[in-house]
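An overview of the molecular structure
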Amino acid sequence: WDKDNWYIAGQFGTFMKTSDGGVNWVFSNKAGRMYSNISVSGDIFDAHFFNANNGILVGGNSSVTRTTNGGNSFDTIPGLYFPVNNWWNIFFRNDMTGYIVGGELTCKIAKTTDGGYNWSFMSTLPNTNKLLNIYSSNDTVLILTDQNGRVYRSSNGGLNWNLNVLGPLYTNMQGCNFIN
């Protein structure tokens, strides 16, 4: 977050933070949604922090969790669970409007307009089986990437999707970002 406060998240709900530029670390394994049949949290794949205290983490087992105290504790955000799937990416274009994408065989995109407190599933999706990343520059333009080298673009807020790039098959397009 700044030169002193760093965050790391990963496998089995691991969340680590330092407040002294990496000299000392605090560790937690409760950052992800708990698996129902074992006592470990789901993996964390991506995170967005609004400031040093408030952040949202997404990951395995449909995990979407929030911290309001810099990672000292995490609460599951309700309503975003869909069985046997992962949320791969979270993107906020400002402090209020954000998106998460995920899925394997069944894809989902969820959108928030209130800083991540409430989410709604988008009803129109491109024809793919694993969405990996989302980017949005405004209320109308959305860019998606998938596991098959594809880049999709919507110019009407996700009502329709066009396949813009068809890359090599089985090439994970795991990220996209634009300066302007």
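Above: the structure in question.
Residues numbered from 1 in each chain as written. Predicted model: local features only at pLDDT ≥ 70, side-chain atom pairs only at ≥ 80, totals over all residues. Heavy atoms only, no water.

Let us look at the sheet that holds strand E8 (residues 87–92). The strand order across the open sheet formed by four strands is E8-E9-E10-E11, and the pairing between neighbours is antiparallel. Edge strands, defined here as strands with exactly one partner in the open sheet, are E8 and strand E11 (120–121). When strand E10 (residues 106–112) meets E11, the two strands line up antiparallel, connected through two bridges. If you follow Ala 110 over to E11, its bridge partner there is Phe 121. (Pairing = 2+ DSSP bridges. Helix = DSSP H or I, 4+ residues; strand = E, 2+ residues; numbered from the N terminus.)

This paragraph deals with the pattern of salt bridges. Under the counting rule described, the total for this entry stands at three salt bridges. Note that Asp 4 is salt-bridged to Lys 3, the shortest N-O span being 3.4 Å. Here Asp 4 falls in the partly exposed class, since its relative accessible area comes to 29%. Given the relative accessible area of 67%, Lys 3 is considered exposed. Taking the shortest distance from any N to any O, the salt bridge between Asp 146 and Arg 150 comes out at 3.3 Å. (Salt bridge = Lys/Arg side-chain N within 4 Å of Asp/Glu carboxyl O. Buried < 20%, exposed > 50% of the residue type's maximum accessible area, 1.4 Å probe, protein only.)

A cluster of nonpolar side chains, Trp 6, Ile 8 and Trp 25, forms an exposed patch at the surface whose accessible area comes to about 280 Å². For Trp 25, the position within the fold is in the loop between strand E2 (15–18) and strand E3 (26–28). (Patch = residues over 30% accessible without salt bridge, like charges linked within 9 Å, V, L, I, M, F, W, Y side chains within 5 Å. Areas by Shrake-Rupley, 256 points an atom, 1.4 Å probe, with all protein chains shown as cover.)

Turning to its location among the elements, Thr 128 is positioned in the loop between E11 and strand E12 (131–136). Within the local environment of Thr 128, its side chain forms a polar contact with the side chain of Asp 146, the two groups lying 2.6 Å apart. Excluding residues that lie within four positions of it along the chain, Thr 128 makes contacts with Cys 107, Asp 146, Asn 148, Arg 150 and Tyr 152. (Polar contact = N/O pair within 3.5 Å; in protein donor to acceptor, adjacent residues only side chain to side chain. Contact = heavy atoms within 4.5 Å.)

For the structure on display, the rule yields ten aromatic pairs. On the basis of an interplanar angle of 20 degrees and a centroid distance of 4.5 Å, the ring pair of Tyr 7 and Phe 49 is categorised as stacked. On the criterion of sequence distance, the pair formed by Tyr 7 in strand E1 (residues 6–9) and Phe 49 in strand E4 (residues 44–49) is long-range, its members being 42 residues apart. According to the relative accessible area criterion, Tyr 7 is partly exposed, its value standing at 22%. On the basis of an interplanar angle of 80 degrees and a centroid distance of 4.9 Å, the ring pair of Phe 50 and Phe 92 is categorised as edge-to-face. Placement of Phe 50 in the loop between E4 and strand E5 (55–59) and of Phe 92 in strand E8 is noted, with a sequence separation of 42 residues between them. Of the two residues, Phe 50 and Phe 92, neither departs from the other in class, the shared state being buried. Over the aromatic face of Tyr 117 sits the side chain of Arg 66, whose NZ or CZ is 4.1 Å from the ring centroid. (Phe/Tyr/Trp six-rings, centres within 6.5 Å; stacked < 30°, edge-to-face > 60°. Lys NZ or Arg CZ within 6 Å of the ring centre and 35° of its normal.)

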